[in-house]
Amino acid sequence: MSMDLLGFFGVVLLAYLIPGPDFLVVVRAATRGRAEGRAAALGAQSGLVVHMAAAVLGLSVLAARSAAVFQTIKLLGAAYLVHLGVRSLITARRARCRVAETPPHERRVPSGIPSGGAAPDGRRRSFTQGFLTNVLNPKVALFFLSVLPQFVDTSSGTTTRQILLLGAADIAIGVVYWCALVAVAGRARVLLARPRIQRRWDIVSGWLFIGIGGAVATSA
């Protein structure tokens, strides 16, 4: 079995370093707490497991050859990203209304961040968002379908084993990357504890989600 592992690792690292829907979901979750950030990252990597299994079973090939199936996946993914964006904008609007209704002398910037972990509901929500964002991302399916096979030695007769090995390497690299990203983003919690900055972050990330969703829906 001969695979260009160095080239594959370079492509995977580049794919992770280029911000996309997974990046935005994990960062947003991490600013709510490291536990939520790790849950979102775990959800995204679990989505990769689904894509890897689909590649091994040939479902990715079926989806790529069927324009209707691929288009459905793409539109579902775009709709979910827009949904996340709209929810973020609604959260920002509600926060603004709460501040407007609060007397000036009662408005205080939080002095600290609770040290406890995220509530189970928050972790489940973050995991679900990370999982669905990844599973419904057609570009991830295309990666396993078109990019990953370029690093597989088809003459060795161990194609399935190689796909599993490369997919596992992709997931492992992602775990290390997401852990580092969550640690960095988690430090922004103190800054984002300020209501005005939190609202601006919700607005910016909301429009980013909507923009990415629109780009996915209109992409060829």
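These remarks concern the structure in this document. Since the structure is predicted, the reported quantities are computational estimates derived from the model, not experimental observations.

Across its full length, the protein chain holds 10 helices and zero strands. Along its sequence from the N terminus, the protein chain presents helices and strands in the succession α-α-α-α-α-α-α-α-α-α. Here the protein chain, with 220 residues, has 40% of them falling under the buried criterion. Relative to all contacts within the protein chain whose residues are 6 or more apart in sequence, the contacts with residues 24 or more apart total 87%. Carbon and sulfur atoms make up 65% of the accessible area of the protein chain, which amounts to about 12,300 Å² in all.

Time to look at the packing of aromatic side chains. Counted by the stated rule, this structure contains five aromatic pairs. When the centroid spacing of 5.7 Å and the interplanar angle of 40° are considered together, the rings of tyrosine 16 and tyrosine 177 count as tilted. Here the residue tyrosine 16 occupies a position in helix 1 (residues 5-17), and tyrosine 177 occupies one in helix 8 (residues 159-186), the gap between them amounting to 161 residues. For the pair tyrosine 16 and tyrosine 177, a shared accessibility class is recorded, and that class is buried. For the ring pair tyrosine 16 and tryptophan 178, a centre distance of 5.9 Å and an interplane angle of 90° mean the geometry is edge-to-face.

Quick look at the nonpolar core now. In this structure, Phe8, Tyr16, Val26, Phe144, Leu148 and Trp178 are the most contacted members of the largest nonpolar core, which totals 39 residues. If one sorts the elements of this core by residue count, helix 8 sits on top with 10 residues. For phenylalanine 8, the contacting residues outside a window of four places in its chain are Phe143, Leu148, Phe151, Leu166, Ala169 and Asp170.

Taking 1.5 Å per residue, 16 residues should reach 22 Å; helix 6 (residues 120-135) reaches 22 Å between its end C-alpha atoms and fits that length. Turning to helix 6, its buried residues number three or more, namely Gly122, Ser126, Gln129, Gly130, Thr133 and Asn134. The arc that holds every buried residue of helix 6, seen down its axis, measures 120°, which confines them to one face.

Another aspect to go through is the environment of alanine 79. Relative to the helices and strands, alanine 79 resides in helix 5 (residues 67-101). Residue classification places alanine 79 among the partly exposed residues on the basis of a relative accessible area of 45%. Each C-alpha atom of the pair alanine 79 and leucine 136 lies 9.6 Å from the other, and the pair is 57 residues apart in sequence.

All right, on to helix 3 (residues 34-57) then. For helix 3, spanning 24 residues, the distance from its first C-alpha to its last is 35 Å, which sits close to the expected 34 Å at 1.5 Å a residue. Once helix 3 ends, the next one or two residues include glycine 58, with phi positive near 90°.

Packing of helix 2 (residues 21-32) against helix 10 (residues 195-218) leaves a shortest axis separation of 11 Å and a crossing angle of 160°. The angle between the axes of helix 2 and helix 10 places the two elements in the roughly antiparallel class. Like other packed secondary-structure pairs, helix 2 and helix 10 cross with a definite hand, here left-handed. When helix 2 is examined against helix 10, the residues Pro21, Leu24, Val25, Val27, Arg28 and Thr31 are found in contact with a partner set consisting of Trp201, Asp202, Ser205, Leu208, Phe209 and Ile212.

Applying the stated criterion to the full structure yields four salt bridges. Put simply, arginine 32 and glutamate 36 hold a salt bridge, and the shortest N to O gap is 2.8 Å. For arginine 32, a relative accessible area of 28% gives the class partly exposed. A relative accessible area of 7% places glutamate 36 in the buried class. Residues aspartate 121 and arginine 124 are paired through a salt bridge, measuring 2.2 Å at the closest nitrogen-oxygen approach. Placement of the pair is aspartate 121 and arginine 124 together in helix 6, with a separation of three residues, close to one helical turn. Judged by its relative accessible area of 54%, aspartate 121 falls in the exposed class. According to the relative accessible area criterion, arginine 124 is partly exposed, its value standing at 49%. Linked through salt bridges whose partners overlap, the residues forming this network are Arg32, Glu36 and Arg125.

Scoring rules and cut-offs
- Residues numbered from 1 in each chain as written.
- Predicted model: local features only at pLDDT ≥ 70, side-chain atom pairs only at ≥ 80, totals over all residues.
- Heavy atoms only, no water.
- Helix = DSSP H or I, 4+ residues; strand = E, 2+ residues; numbered from the N terminus.
- Buried < 20%, exposed > 50% of the residue type's maximum accessible area, 1.4 Å probe, protein only.
- Contact = heavy atoms within 4.5 Å.
- Areas by Shrake-Rupley, 256 points an atom, 1.4 Å probe, with all protein chains shown as cover.
- Phe/Tyr/Trp six-rings, centres within 6.5 Å; stacked < 30°, edge-to-face > 60°.
- Core = buried A, V, L, I, M, F, W, Y, C linked by side-chain atoms within 4.5 Å.
- Expected span 1.5 Å × (residues − 1).
- Arc of directions from axis to C-beta.
- Axes fitted to C-alpha atoms, helices over the stretch in contact; angles between N-to-C directions.
- Parallel < 35°, antiparallel > 145°, perpendicular 65-115°, else oblique.
- Left-handed = near helix turned anticlockwise from the far one by under 90°.
- Salt bridge = Lys/Arg side-chain N within 4 Å of Asp/Glu carboxyl O.

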